[in-house]
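Survey of secondary and tertiary structure
Below, each chain spelled out in residue letters.
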Amino acid sequence: MNPRGEDNPIRVGVLGAQGRMGAQVVKAAGGAPDMTVVATLDAGDDLAALTEAGAEVVVDFTHPDAVMGNLEFLVANGLHAVVGTTGFSEERLETVRSWLAGKPEVGVLIAPNFALGAVLAMRFAQQAARFYESVEVIELHHNRKADAPSGTAAHTARLISQARREAGLKPGADATTSELDGARGARVEDVHVHSVRLPGLVAHEEILFGQEGETLTIRHDSMDRTSFMPGVLLGVREVLGRPGLTVGLENVLDL
Ligand SMILES: NC(=O)C1=CN([C@@H]2O[C@H](COP(=O)(O)OP(=O)(O)OC[C@H]3O[C@@H](n4cnc5c(N)ncnc54)[C@H](O)[C@@H]3O)[C@@H](O)[C@H]2O)C=CC1
Ligand SMILES: O=C(O)C1=N[C@H](C(=O)O)C[C@H](O)C1
């Protein structure tokens, strides 16, 4: 557990500080009694400001195109990282592991979703997966989101696929023989994932399971970006005592 307090607060840097999430992180970490925000950077700023300010943990909510460069700098400079930015393939995770091999004392936590309910929804979906013949994922987000499908939906689909594989399930029956491009969604491993983009939405996910005679729907809604903040602050506290790469908040929550 984190032994830090008001007299010795965790020195936090924020990357993407002017963005929707970064601005919330600056506010949340700034209001936490055991943290102090020492650097707030956005696009074009020199990452050296983080080390100059004495940051210990850096939170990254930037862009899938920027996050790997940021992480390479953080690990090389011995800074712990809490990353919410999406776009992490298995190949990218392997690259991060290779950087960390040379800096075994550094902790990196990458989480596709920091909202408690979203993490629980993923875990429930993983548990339900082996009992149903078919499954599809629908994610719904605000229309300023850069990536589709969402990192959460891609992660959910991979967890479900893994559970289905382990249970020896074959792809669910689907009589579609003719379709408009995209009508059946993207396929993440063997799971169809559908992305909706609308102003007014924040972040929402539905996992629909079906078999003869019944369906099960698991749904999570982030109505406001404050929903991600308890998870981010927990990550900042925990990453100090977790060297190496941790993927997913479920590991920190011991789910
Ligand atoms: N893991 C989670 O719980 C969540 C993850 N996200 C993800 O976080 C990322 C950011 O989302 P939003 O805040 O909505 O986006 P946004 O577009 O509002 O903010 C991103 C900010 O990063 C800045 N930026 C871009 N490149 C940079 C760089 N190299 N260095 C420093 N700053 C840079 C931009 O100027 C912008 O201010 C996305 O990948 C999104 O999917 C969003 C919400 C929750
Ligand atoms: O861009 C967003 O807003 C979000 N991005 C993350 C994702 O892609 O899963 C997390 C959450 O869904 C909000």
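Residues numbered from 1 in each chain as written. Chains lettered and ligands numbered in written order. Predicted model: local features only at pLDDT ≥ 70, side-chain atom pairs only at ≥ 80, totals over all residues. Heavy atoms only, no water.

As annotated in an unreviewed UniProt entry, the chain carries the name 4-hydroxy-tetrahydrodipicolinate reductase and comes from Amycolatopsis thermoflava. Turning to the chain, the UniProt annotation filed under Pathway (unreviewed entry) states: "Amino-acid biosynthesis; L-lysine biosynthesis via DAP pathway; (S)-tetrahydrodipicolinate from L-aspartate: step 4/4." UniProt lists a comment for the chain under the heading Subcellular location (unreviewed entry), and it reads "Cytoplasm". (UniProt positions renumbered as here; feature names shortened; annotations may be inferred.)

Right, let's talk about the packing of helix 3 (residues 67–76) against helix 4 (residues 90–101) for a bit. The geometry of helix 3 relative to helix 4 is characterised by a closest axis approach of 10 Å and an angle of 15° between their N-to-C directions. Taken together, the axis directions place helix 3 and helix 4 in an arrangement best described as roughly parallel. The way helix 3 lies across helix 4 gives a crossing that is right-handed. Together, Val-67, Met-68, Leu-71, Glu-72 and Val-75 of helix 3 and Arg-92, Thr-95, Val-96, Trp-99 and Leu-100 of helix 4 make up the contact between the two elements. Tallied by class, residues from the contact of helix 3 with helix 4 come to seven nonpolar, one polar and two charged. (Axes fitted to C-alpha atoms, helices over the stretch in contact; angles between N-to-C directions. Helix = DSSP H or I, 4+ residues; strand = E, 2+ residues; numbered from the N terminus. Parallel < 35°, antiparallel > 145°, perpendicular 65-115°, else oblique. Left-handed = near helix turned anticlockwise from the far one by under 90°. Contact = heavy atoms within 4.5 Å. Nonpolar A, V, L, I, M, F, W, Y, C, P; charged D, E, K, R; others polar.)

Once that is clear, we can look at helix 5 (residues 116–128). In this model, helix 5 (13 residues) spans 18 Å end to end at C-alpha, consistent with the 18 Å of a helix rising 1.5 Å per residue. Of the positions making up helix 5, those classed as buried are Ala-118, Val-119, Ala-121, Met-122, Ala-125 and Ala-128. On the buried face of helix 5, the contacting elements are helix 6 (151–166), strand 9 (203–211), strand 10 (214–222) and helix 8 (249–252). (Expected span 1.5 Å × (residues − 1). Buried < 20%, exposed > 50% of the residue type's maximum accessible area, 1.4 Å probe, protein only.)

Counted according to the given criterion, the structure contains two aromatic pairs. Judged by centre distance (5.4 Å) and plane angle (40°), the ring pair of Tyr-132 and Phe-209 falls under tilted. One end of the pair, Tyr-132, is in the loop between helix 5 and strand 6 (134–141); the other, Phe-209, is in strand 9, and 77 residues separate them in sequence. Relative accessible area serves as the criterion here: at 2%, Phe-209 is assigned to the buried category. (Phe/Tyr/Trp six-rings, centres within 6.5 Å; stacked < 30°, edge-to-face > 60°.)

For the rest of this paragraph, the subject is the pairing of strand 6. Of the pairings in the sheet, the one linking strand 6 to strand 9 comprises eight bridges and is antiparallel in character. By the bridge assignment, Val-135 is partnered in strand 9 with Phe-209. Bridge count for strand 6 against strand 8 (residues 191–197) is six bridges, and the pairing is parallel. Its bridge partner being in strand 8, His-141 is matched across the sheet by Arg-197. (Pairing = 2+ DSSP bridges.)

When we look at burial in helix 3, the residues that qualify are Val-67, Met-68, Asn-70, Leu-71, Leu-74 and Val-75. For helix 3, the angular spread of buried residues about the axis comes to 155°, placing them on one side. Check the buried side of helix 3 and you find it contacts strand 1 (10–15), helix 2 (48–52), strand 3 (57–60), strand 4 (80–83), helix 4 and strand 5 (107–110). At the exit of helix 3 stands Gly-78, carrying a positive phi of roughly 70°. (Arc of directions from axis to C-beta.)

Okay, the site of ligand 2 next. With respect to spatial proximity, the complete set of residues near ligand 2 consists of Thr-86, Pro-112, Asn-113, His-141, His-142, Lys-145, Asp-147, Ser-150, Gly-151, Thr-152, Ala-203 and Phe-228. A distance of 2.7 Å separates an oxygen atom of ligand 2 from a polar side-chain atom of Lys-145. Relative to its unbound accessible surface of 320 Å², ligand 2 loses 84% to contact with the protein. Its residues assigned to classes, the shell around ligand 2 comprises three nonpolar, seven polar and two charged. Composition of the shell around ligand 2 by domain shows at least three residues from each of domain 1 (10–114 + 226–251) and domain 2 (116–223). (Near = heavy atom within 4 Å. Polar contact = N/O pair within 3.5 Å; in protein donor to acceptor, adjacent residues only side chain to side chain. Areas by Shrake-Rupley, 256 points an atom, 1.4 Å probe, with all protein chains shown as cover. Domains from an automatic or database assignment.)

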